[in-house]
Amino acid sequence: MPRPIHLSLIGLICVSLASSQTIDPSLQDLINRNADFAARLYRAVSSRTDDNVFLSTFTLSTGLTALLGATSGTTRDQLLQGLSLSGLDPETLPDLFQNLRNQVLLGNQPMNLRQGVAVIPTMGFPVSSSYLDQVQTKFGGNTQNLAYTAPQEAADTINRYVQERTGDQIQELVSNLDPRTQMLLTTATSYDIRFSPSFNASLTQDERFYVDKYHVVIVPMMFRADKFYLAYDRSLKVGVLKLPLADGGAMLVVLPDEEVDITGVEEEVNGEKIREWIRQLKKTKLEVQLPRFLVEQSYTLRDSLQTLSITQVFQDDAEIVNIGETKGPKLTQVYHKSIMSVDETIDGTNSGGRVTTFSTLPPRLTINRPFLFVVYQESSGSVLLMGRVIDPTKK
Ligand SMILES: *[C@@H]1O[C@H](CO)[C@@H](O)[C@H](O)[C@H]1NC(C)=O
């Protein structure tokens, strides 16, 4: 015979679970899928260049998922698959994405990420009011028609929007637009990174950074002795260091062992690998040296997206709905630019640069060769930014 005391206990447990900081499973699923997409896109972009790489993968997920709402048929299926969203109902995605945006950008601990996302068809392809509303309310973006036949004016309009959305940090996203452009997806991001605790600027010293076997550059190396979270991935031979940020985010610095080639590591990075690194972090005393760096990268992503099998949206037979009366435009290009400056800047909410003294000298981790980084929100595990620094004296 069931005893009431048990039921009330179960009731109590349920209440306490619901009120703790757990993430809704469908939201967690979207977060994991976005991290998979982030890593795949990162690999597609980084394999095309030897330079530093910097992507706001969160902004690109926002823009491409917003675009998804204007597609149908194979075009939509390809986008779903390319974004690692296959199996999800495209009808409920806008609401799910809005939950994600609330969690990441508008919640009680919003990330310092400013982004501008816009879907911009040329004149003659009017945007339906329902799609306009969806882009604005669910994705925090914009969609409007522009006359690309006046390319300079169109570029000025796009760049003004980007300036406004990134707090003037990004001045120019596009230039020399093609007058035959049918539709653009434009995405721009500035991230205001503040380590917490911050590095103490008076301990920063010029040190060597080994770009490759033949190139050494001198960079300002920041320094902090503290307790850090660190992991070591034996299969890839990389160290993973977590640097907490003042906005509730964290930066993972992924440093390959000296004899390990960074491109081999990149090939193995995926969403699950990032989650595994985070799970394996352990607290340890360390002296950390990290170069100051500023990354500012600009991409046209059509080719990279096509390697993720997102192809039809760029072709004449693109199935676009909600834009254009009988037949919609094809997507001409996806522009992406993002900027982040990593330095000792002190966050207003913490004293920063505190002096920690240990009775015995802890080991020193010196980030003095090419490394990867991932910026994510700690509470949700949402991956926002990914990049690599080959040469910290370059953008
Ligand atoms: C930074 O380091 C200097 C030199 O060790 C020290 O004098 C100063 O107090 C430190 N600043 C802070 C905010 O801890």
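Before reading on, note that the structure itself is shown above.
Counting restarts for each chain, with residues numbered from 1 along the sequence as it is written. Reporting in this predicted model follows two pLDDT cut-offs: at least 70 for local features of residues, and 80 or more for side-chain atom pairs to be given and counted; totals over whole chains, interfaces and linings ignore these cut-offs and use all residues. Excluded from the side-chain calculations are hydrogens and water; all other atoms, namely the structure's heavy atoms, are used.

**Section: the overall build of the chain**
Stage number 1. Strands are runs of DSSP state E lasting at least 2 residues, helices are runs of H or I lasting at least 4, and numbering of each runs from the N terminus. Counting its regular elements, the chain contains ten helices and 14 strands.
Stage number 2. On C-alpha atoms alone, the chain measures out to a radius of gyration of 23 Å, which is about the 21 Å that the 2.2 N^0.38 rule sets for 395 residues.
Stage number 3. Oriented by its inertia axes, the alpha-carbon framework of the chain measures out at about 80 × 75 × 40 Å.
Stage number 4. Burial classes follow relative accessibility: with a 1.4 Å probe on protein chains only, a residue under 20% of its type's maximum area counts as buried, one over 50% as exposed, and anything between as partly exposed. Within the chain, the proportion of its 395 residues that are buried is 51%.
Stage number 5. Note that accessible areas follow from Shrake-Rupley with a 1.4 Å probe, and for residues the cover is restricted to the protein chains shown. Just so you have it, the chain exposes about 17900 Å², and 49% of that area is on carbon and sulfur atoms.
Stage number 6. Charge assignment: positive for Lys and Arg, negative for Asp and Glu; neither His nor the chain ends contribute. Charged side chains are reduced to one point each, which is NZ for Lys, CZ for Arg, CG for Asp and CD for Glu. Placing the 37 positive and 44 negative side-chain charges of the chain at their respective mean positions leaves the two points 6 Å apart. The globule rule used for comparison is 2.2 Å times the number of residues to the exponent 0.38, while the radius of gyration itself is calculated over C-alpha atoms.

**Remarks on the pairing of strand β10 (residues 293-300)**
Stage number 1. Covered by surrounding structure in β10 are Phe 293, Val 295, Gln 297 and Tyr 299 only, the residues Leu 294, Glu 296, Ser 298 and Thr 300 on the alternate face being uncovered.
Stage number 2. Pairs of strands are assigned from DSSP output, requiring at least two bridges between the strands. Across eight bridges, β10 lies against strand β11 (residues 333-342) in antiparallel orientation. Across the sheet, Thr 300 pairs through a bridge with Tyr 335, a residue of β11.

**Points about the sheet that holds β10**
Stage number 1. Strand order in this open sheet of five strands is β3-β2-β4-β11-β10, and the pairing throughout is mixed. Taken across any chain shown, the strands that pair with only one partner, and hence form the sheet edges, are β3 (142-143) and β10.
Stage number 2. When strand β4 (residues 183-191) meets β11, the two strands line up parallel, connected through eight bridges. Pairing of Thr 186 across the sheet is with Tyr 335, part of β11.

**Regarding helix α5 (residues 93-106)**
Stage number 1. Expected helix span is computed as 1.5 Å times (number of residues minus one). Taking 1.5 Å as the rise per residue, α5 with 14 residues should run 20 Å; its terminal C-alpha atoms sit 18 Å apart, in good agreement.
Stage number 2. Every buried residue of α5 is accounted for by Leu 93, Pro 94, Leu 96, Phe 97, Leu 100, Arg 101, Val 104 and Leu 105. Taken end-on, α5 shows its buried residues confined to a sector of 155 degrees, consistent with a single buried face. Each C-beta atom gives one direction from the helix axis, and the arc is the one those directions make.

**Regarding the environment of Leu 308**
Stage number 1. Among the secondary structure elements, Leu 308 is positioned in the loop between α10 (302-307) and β11.
Stage number 2. Since its relative accessible area comes to 11%, Leu 308 is described here as buried.
Stage number 3. Separated by 162 residues in sequence, Leu 308 and Leu 146 have C-alpha atoms that sit 28 Å apart.
Stage number 4. When sequence neighbours within four positions are dropped, the list of residues in contact with Leu 308 reads Phe 37, Arg 40, Leu 41, Ala 44 and Gly 82. The contact definition used throughout considers only heavy atoms, calling two residues in contact when any of these lie within 4.5 Å.

**Topic: the layout of surface pockets**
Stage number 1. Looking at the largest pocket, its volume works out to about 550 Å³.
Stage number 2. Breaking the lining of the largest pocket down by element, the ones donating at least two residues are β5 (205-212) and α8 (262-266).
Stage number 3. Per element, the largest residue contribution to the lining of the largest pocket is three residues, and it comes from β5.
Stage number 4. When residues are grouped by polarity, Ala, Val, Leu, Ile, Met, Phe, Trp, Tyr, Cys and Pro land in nonpolar, Asp, Glu, Lys and Arg in charged, and all others, Gly among them, in polar. Partitioning the lining of the largest pocket into residue classes produces seven nonpolar, three polar and nine charged. Using protein atoms alone on a 1 Å grid, points that fit a 1.4 Å probe yet trap it form a cavity, whereas open point sets bounded by protein on both sides within 12 Å along at least five of seven lines form a pocket; residues with an atom within 4 Å of a point count as lining. Grid points are joined across faces, edges and corners, and a volume is the space filled by probe spheres set on the points.

**Examining the side chain of Glu 266**
Stage number 1. Considering the arrangement of structural elements, one finds Glu 266 in helix α8.
Stage number 2. Polar contacts here mean pairs of N or O atoms no more than 3.5 Å apart (in protein, one a potential hydrogen donor and the other a potential acceptor; neighbouring residues in sequence count only if both atoms are side-chain atoms). At a separation of 2.5 Å, a polar atom in the side chain of Glu 266 contacts the side chain of Tyr 42.
Stage number 3. Ignoring sequence-local partners within four residues, the contact set of Glu 266 consists of Tyr 42, Arg 43, Ser 46, Leu 372 and Arg 388.

**Here we look at the pattern of salt bridges**
Stage number 1. We count a salt bridge whenever a side-chain nitrogen from Lys or Arg sits within 4 Å of a carboxyl oxygen from Asp or Glu. Applying the stated rule across the entire model yields 19 salt bridges.
Stage number 2. Measuring nitrogen to oxygen at the nearest pair gives 2.8 Å for the salt bridge that ties Lys 138 to Asp 95. One end of the pair, Lys 138, is in helix α6 (residues 129-139); the other, Asp 95, is in helix α5, and 43 residues separate them in sequence.
Stage number 3. In this structure, the salt-bridge partner of Asp 391 is Lys 394, at a minimum N-O distance of 3.4 Å.
Stage number 4. Exposure remark for Lys 394: the relative accessible area of 55% places this residue in the exposed category.

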